[in-house]
Structure formats: C-alpha cells, structure tokens
Amino acid sequence: MRAMTAIVKIITTSVIVLAAVGIVAYKYQDYMKYPWTRDGMVRAHVVEIVPRVSGEIVRAPVRNNQLVKKGDLLFEIDPRTFQATVDLARAELDNMRDIVKSLAEQVDGMKRDVEQHEADLSEAKSDVEGAAAEEEDARKEFQRAKDLVASGDVSQAYFDNKNAVYQTALAKLGEAKARVSQMTAALAQAKADVARGLANLGTAGEDNPRLRRASADLETAQLHLDFTKVRAPTDGYVTNLYCRSEIPQWPISQLWR
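No experiment lies behind these values; they were computed from the predicted model shown.

**Some points on the packing of helix H2 (residues 80-151) against helix H3 (residues 156-201)**
Reasoning step 1: Following both chains from N to C, one finds H2 and H3 inclined at 165°, their axes separated by 6 Å at the closest point. On the basis of their axis angle, the class for H2 and H3 is roughly antiparallel. With respect to the hand of their crossing, H2 and H3 are arranged in left-handed fashion.
Reasoning step 2: Among the residues making up the contact of H2 with H3, the classes are represented as 31 nonpolar, six polar and 18 charged.

Written out as structure tokens, the structure is:
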C-alpha cells in the first residue's frame, strides 16, 4: 500500500514538474520571440495606421505580433465601389474630351464663317464700286439724252432706252448697297458667334477648365481606390490588431517597431 502511495506521489510530482517546465518553456519562448512586449510592457514606438477611406474589410493577411516590412499589405477595404467611381470618372473625362473637341471644332467653323463673310463683304463692296461707276455713266447718258430729246435731236425711243438703262443701273447700285449692309450684319453676327463660342469653350486643349476638373475628379477617384489597400509605413511588428467588417469612422491598427 505504501509503495502504491509512493508511486502516485511520484507520478503527481512528475506531472506538476512537467507542467511547470512546459509553462516556463512557453513563457521563455514567448519572452524570446516577442522582445518588444517583455514583462508586460511595450518597448517600442507606436504608429497608428489610419485608412483614408471606409468600407468593408475583405482581406487582412496579418496577425497580431507579426513582423511586417514597409509596404506590406495590412488589410484591404472592398474596392468595388471605388472602382466603379473610377470607371465613371474616366468615362466622364472621355465624354468631356469629346465635348471640348466638338466645341473647338465649332469655334473653328465659326472662324471660317467670319473669313467667308469678310470675303463676301469685300466682294460686295467691289460690286458697289462697279455698280456706282455704271450708274454714273448711265446717269450721264440719260441726262444727255434728256437734253437732246428736248431739242429734238434724238427720238423719244432713244431717250426711253437711255432712261431704262439708267433705271437698271440705279437699281443694281441699290441692290449692291443692300448686299453690303447684309454682309456687314452677317459679319458682325459671325464675330459675335465666335466670341460666344470661345467663351463657351474656354482654353483649348488639356488646359481647358472642364477637362482639368474632370481629370482632377479621376485622380481623386483613383487615389480613393488606391487607399483601399492599407500598407505598413515602416518595418515593424503588428500588435493590438483588430478588424471589423464595417468601419464607420477610423479603424486603427497599431504598428510597434
């Protein structure tokens, strides 16, 4: 009986000793493996990882007390919404490029209209000069015929012919002057159209305000997409890490180095 009791005591003592040795070994391993939290005290500088966008975390490959290198992925926020925003912003930029290109083409067309109206006005003024010369000659011939018919030196038919020629020249001069007035008004309208077109277009090319605004929107959307991947800013160990499926404000992971 005493022998059995002695054996039980030996076994019990052995188990206790083995358990104690195991606990000590585990604590020693933890002590050696995680030197930055020895004796329950943090022995490192704290770096807070704050994501710039919020959303559902879809990937978190790190664990507590894990050594990470600068640039390693800590966690990723669901990028689908941000990718859609990028796609929309890119489509808007392409659409705005088409709009600006169309406006620039319209302005070029308006400028060509101005050049055409200037040419037409110049031609109309030349026509006035020609019609005025014809009217002057016809008027002189008519006046001469008028004097001759009064003295009986020419027939009434001759006078009627010169009068008809004069009236035709006079009408032609009036039409030429009217065309000058029309061309002047058309030229003024064409120039006004160019001014409005330029005001609507703004700066041509990539410096156009609309394009710059659309480009800025695309860059912002792309940055937000990039921010869905939160990376370590420096080498170190991750501790006190926690993840939630939704991040209403600012989720924080702490990086100890």
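After presenting the structure, the write-up continues.
**Side note on the sheet that holds strand E2 (residues 57-59)**
As a general point, the strands of a sheet are linked pairwise by backbone hydrogen bonds and lie either parallel or antiparallel.
Reasoning step 1: Read from one edge to the other, the open sheet built from three strands follows the order E2-E4-E5, with strand pairing classed as antiparallel. In this open sheet, the two edge strands, each paired with only one partner strand, are E2 and strand E5 (229-231). Averaged over neighbouring strand pairs, the angle between their axes works out to 35° when direction is ignored.

**Concerning the pattern of salt bridges**
Reasoning step 1: Following the criterion strictly, the structure yields eleven salt bridges and no others.
Reasoning step 2: Taking the shortest distance from any N to any O, the salt bridge between arginine 80 and aspartate 78 comes out at 2.7 Å.
Reasoning step 3: A salt bridge links aspartate 193 to arginine 196, with the shortest nitrogen-to-oxygen separation between them at 2.4 Å. Pair noted here: aspartate 193 and arginine 196 are both in helix H3, with a separation of three residues, about one helical turn.
Reasoning step 4: Put simply, Asp94, Arg97 and Glu206 are held in one network by salt bridges that share partners.

**As for H2**
Reasoning step 1: Its 72 residues give H2 an end-to-end C-alpha distance of 104 Å, which sits within 8% of 106 Å, the value for a rise of 1.5 Å per residue.
Reasoning step 2: Phi turns positive, to about 80°, at glycine 152, one or two residues after H2.

**Here we look at the packing of aromatic side chains**
Reasoning step 1: Under the definition given, this model contains two aromatic pairs.
Reasoning step 2: Ring geometry for phenylalanine 142 versus phenylalanine 159: centroids 5.4 Å apart, planes at 35°, classification tilted. Residue phenylalanine 142 is located in helix H2, and its partner phenylalanine 159 is located in helix H3; the two are separated by 17 residues in the primary sequence.
Reasoning step 3: Looking at phenylalanine 159, the relative accessible area reads 14%, which means it is buried.
Reasoning step 4: Ring geometry for phenylalanine 142 and tyrosine 166: centres 5.3 Å apart, planes at 5°, overall stacked. Residue phenylalanine 142 is found in helix H2, and its partner tyrosine 166 is found in helix H3; the two are separated by 24 residues along the sequence.

Conventions adopted
- Residues numbered from 1 in each chain as written.
- Predicted model: local features only at pLDDT ≥ 70, side-chain atom pairs only at ≥ 80, totals over all residues.
- Heavy atoms only, no water.
- Axes fitted to C-alpha atoms, helices over the stretch in contact; angles between N-to-C directions.
- Helix = DSSP H or I, 4+ residues; strand = E, 2+ residues; numbered from the N terminus.
- Parallel < 35°, antiparallel > 145°, perpendicular 65-115°, else oblique.
- Left-handed = near helix turned anticlockwise from the far one by under 90°.
- Nonpolar A, V, L, I, M, F, W, Y, C, P; charged D, E, K, R; others polar.
- Pairing = 2+ DSSP bridges.
- Salt bridge = Lys/Arg side-chain N within 4 Å of Asp/Glu carboxyl O.
- Expected span 1.5 Å × (residues − 1).
- Phe/Tyr/Trp six-rings, centres within 6.5 Å; stacked < 30°, edge-to-face > 60°.
- Buried < 20%, exposed > 50% of the residue type's maximum accessible area, 1.4 Å probe, protein only.

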